[in-house]
Structure formats: C-alpha cells, structure tokens
Amino acid sequence: MPRKPRIMSSTGIYHIILRSVNQRIIFEEDFDFQKFLLILSDCEKNYDTEIYAYCLMDNHIHLLLYISNDQLSSFFQSLGTKFVRWYNCKYSRSGHLFQDRFYSVAIESEKSFLSVIKYIHDNPVKANMCRFPSEYRWSSFNAYYGAKNPLINISKAYSIAGSKESLLHYFAKENVSPESLLFKNDYQNVSHFLTDEKALEIFKSLTQLPSTSDVSSLGKPERNNYVRALKAKGLTIKQIARLMDISETTVKRICKVTH
C-alpha cells in the first residue's frame, strides 16, 4: 500500500515524533541526551526554524517547531543522519535507529499550539517517569518557567496566552486536547510497575553489558536466560523486548519455557 501523502501545515508549525526502530532504547545515558540536543541546536541554526518544545523519551522524541515546508524533510534527514552516525560509532552498531518516516501533525490553530506544548511536556508524567513535568530533565518544560534554554522560543506561547502568567495557568489547569488521542500508544506503559529508566538500570546490572547494543553479542541460550531473569525482576514484556532487541512474541515464547 502506498504511503499517504504528508499533510503540510499552512502555518509551518508541526508536532513531530521520531520513533526508534522496534522501540529500541535510543538514550542510554545522559551524554546521549546531551548529544542529541547539541545536534538539534546545530540543525536549528542551519535551517529557517524555531523550536517551541521538545521531550526526549527513551525510545521516541517529540518536537514542536516551525519550519518552511520545503525544508521539513531535509531538516529531519540531516538531524537523523548526524545523530545516528555518532550513535552507531559510539555503540559499535550499524543500520537504522529511527523509523524511516517521521510522524507529523500540522498545527493550524493557536489552541492546538498550546495544547501540544502541554501534551509534549506531560509525556514523562504519563509514562510514570516522574511526578511533575518540572522533574524531567530532558524536556523544554522548565524553559517556560524561566530556566535558561537557548534552544527554545518561548515568546510565541506567551503571546498566544496573553502573558507568562496566563500560560502557566493554562499548563496547570487545561486538560489535554482530544488531538492527543492520536498519540495514545505513547502511554501504553502507564501501568508499568517499573519505569523504563529503572528497567534499563536492572538490565545493565544483570547482564553487565554497557549498552543494549551489545545484546547482539550474546548467544541464544545466554540471551534467553537473561530474558527470563529480567521477567523475574518485574520488567514487562514490552520493556524486555526493547532492551533485548527482540519481538514481544519471542519474549513471551522464551518466558513460557522453563527447562
């Protein structure tokens, strides 16, 4: 089936989601987050773009930005190529890290603009990674409360809301827009007993592997033993599949085998 044509924004503003291949972990340590933001900053300077919000999750990335329609694809091609080249070199891997096509939603109204900012910043809370958006280090949330972040343009949101105080009141009171139902799968791990950050910590402690990329060096019996051990530690099927870079079906099959 041919791809549906991308819906272009008349305002030039988009909510973008970059997802990893097979939901694999993208950011394994703080420097990975920092490097992505550095590359994002470089790309912002090289293109006619403004970034209004971001949130870097473990296996996907949210961005709200303005960019001219004719530069949209080349911007993300540049961003992805630079980061993946660095990432593959660091973790001694090859091949794709992100899904071939980034997901985009055209933002056509001021209400949608503010709603998406709130939605993006609420991601870590919905995923049980923190209690409040302000506690999460890898989003632009605190820029709107005065934290220095040269990557983010905060003035547009203040202007739309009428003032900084009005915007912060909106963040505190406004419900998430029904448009967020488009992204409901982002929150499938909301009932996790263990956060993904804790799951990664358990994985490294148990396997003694420096990163999830090193799973490929394991033999099948050793890999299967780790899968069962991770399940016993309380990780979910989805978490184990992402960390071990195998399908959920394979995890379920392995965990049923007791001998």
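Thresholds, definitions, all that
Residues numbered from 1 in each chain as written. Predicted model: local features only at pLDDT ≥ 70, side-chain atom pairs only at ≥ 80, totals over all residues. Heavy atoms only, no water. Disulfide = S-S within 2.5 Å. Buried < 20%, exposed > 50% of the residue type's maximum accessible area, 1.4 Å probe, protein only. Pairing = 2+ DSSP bridges. Helix = DSSP H or I, 4+ residues; strand = E, 2+ residues; numbered from the N terminus. Axes fitted to C-alpha atoms, helices over the stretch in contact; angles between N-to-C directions. Contact = heavy atoms within 4.5 Å. Phe/Tyr/Trp six-rings, centres within 6.5 Å; stacked < 30°, edge-to-face > 60°. pLDDT = per-residue confidence, 0-100. Parallel < 35°, antiparallel > 145°, perpendicular 65-115°, else oblique. Nonpolar A, V, L, I, M, F, W, Y, C, P; charged D, E, K, R; others polar. Salt bridge = Lys/Arg side-chain N within 4 Å of Asp/Glu carboxyl O.

### Considering the state of the cysteines
According to the stated counting rule, one finds zero disulfides in the structure shown. Its sulfur unpaired, cysteine 55 is 8.3 Å from the next cysteine sulfur, which belongs to cysteine 130. The class of cysteine 55 is buried, set by a relative accessible area of 0%.

### Re the sheet that holds strand E3 (residues 60-67)
Sheet architecture is open: four strands sit in the order E2-E3-E1-E4, paired in antiparallel fashion. Only two strands of the sheet have a single neighbouring strand rather than two, namely strand E2 (49-56) and strand E4 (103-106). Here the strands of the sheet are splayed against their neighbours by 20 degrees on average, with no regard to which way each runs. When E2 meets E3, the two strands line up antiparallel, connected through seven bridges. Each residue of the ladder has a partner; that of cysteine 55, found in E3, is histidine 62. Helix-sheet contacts for helix H1 (residues 30-46) involve strand E1 (13-19), E2 and E3, and the interaxial angle to E2 is about 165 degrees. Against the sheet, helix H2 (residues 72-90) engages E1, E2 and E3, with an angle of about 140 degrees to E3.

### Focus: the packing of aromatic side chains
By the definition in use, this model includes 19 aromatic pairs. Pairing phenylalanine 33 with tryptophan 138 gives two aromatic rings, centres 4.6 Å apart and planes at 5 degrees, and the pair type is stacked. On the criterion of sequence distance, the pair formed by phenylalanine 33 in helix H1 and tryptophan 138 in the loop between helix H3 (110-126) and helix H4 (155-161) is long-range, its members being 105 residues apart. Each member of the pair, phenylalanine 33 as well as tryptophan 138, is classed as buried. Seen in terms of ring centroids, tyrosine 47 and phenylalanine 75 are 5.4 Å apart; in terms of plane orientation they differ by 80 degrees. Their pairing is edge-to-face. Of this pair, tyrosine 47 sits in the loop between H1 and E2 while phenylalanine 75 sits in helix H2, and the two are 28 residues apart along the sequence.

### Points about the confidence of the model for the protein chain
One rule of thumb: low pLDDT means the predicted coordinates there are not for detailed reading. Scored by pLDDT, the protein chain has a mean of 86; 90% of the residues are at 70 or more. The element-level mean pLDDT for the protein chain is lowest in helix H9 (residues 248-256), coming to 85, with E2 highest at 97. Across residues 178-192 the pLDDT falls below 50, and counting only partners more than four positions away or on other chains, this stretch makes 30 contacts in the model.

### A short note on the packing of helix H7 (residues 220-232) against H9
Contact geometry of H7 with H9 gives a least axis separation of 9 Å together with a crossing angle of 85 degrees. Classed by the angle they form, the pair H7 and H9 counts as roughly perpendicular. Note on element contacts: H9 touches H7 through Thr250, Val251, Arg253, Ile254 and Cys255, opposite Arg223, Asn224, Val227, Arg228 and Lys231. Grouping the constituent residues of the contact of H7 with H9 by class yields four nonpolar, two polar and four charged.

### Focus: the pattern of salt bridges
Taken as a whole and assessed by the stated rule, the structure comprises nine salt bridges. Its salt-bridge partner being arginine 24, residue aspartate 245 comes within 3.7 Å of it at the nearest N-O pair. Taken together, the residues span a long stretch of sequence, with aspartate 245 in the loop between helix H8 (237-244) and H9 and arginine 24 in the loop between E1 and H1 at a distance of 221 residues. The class for arginine 24 is buried, based on a relative accessible area of 5%. A salt bridge links aspartate 32 to lysine 90, with the nearest nitrogen and oxygen atoms 2.5 Å apart. You can see aspartate 32 sitting in helix H1 and its partner lysine 90 sitting in helix H2, a full 58 residues away along the chain.

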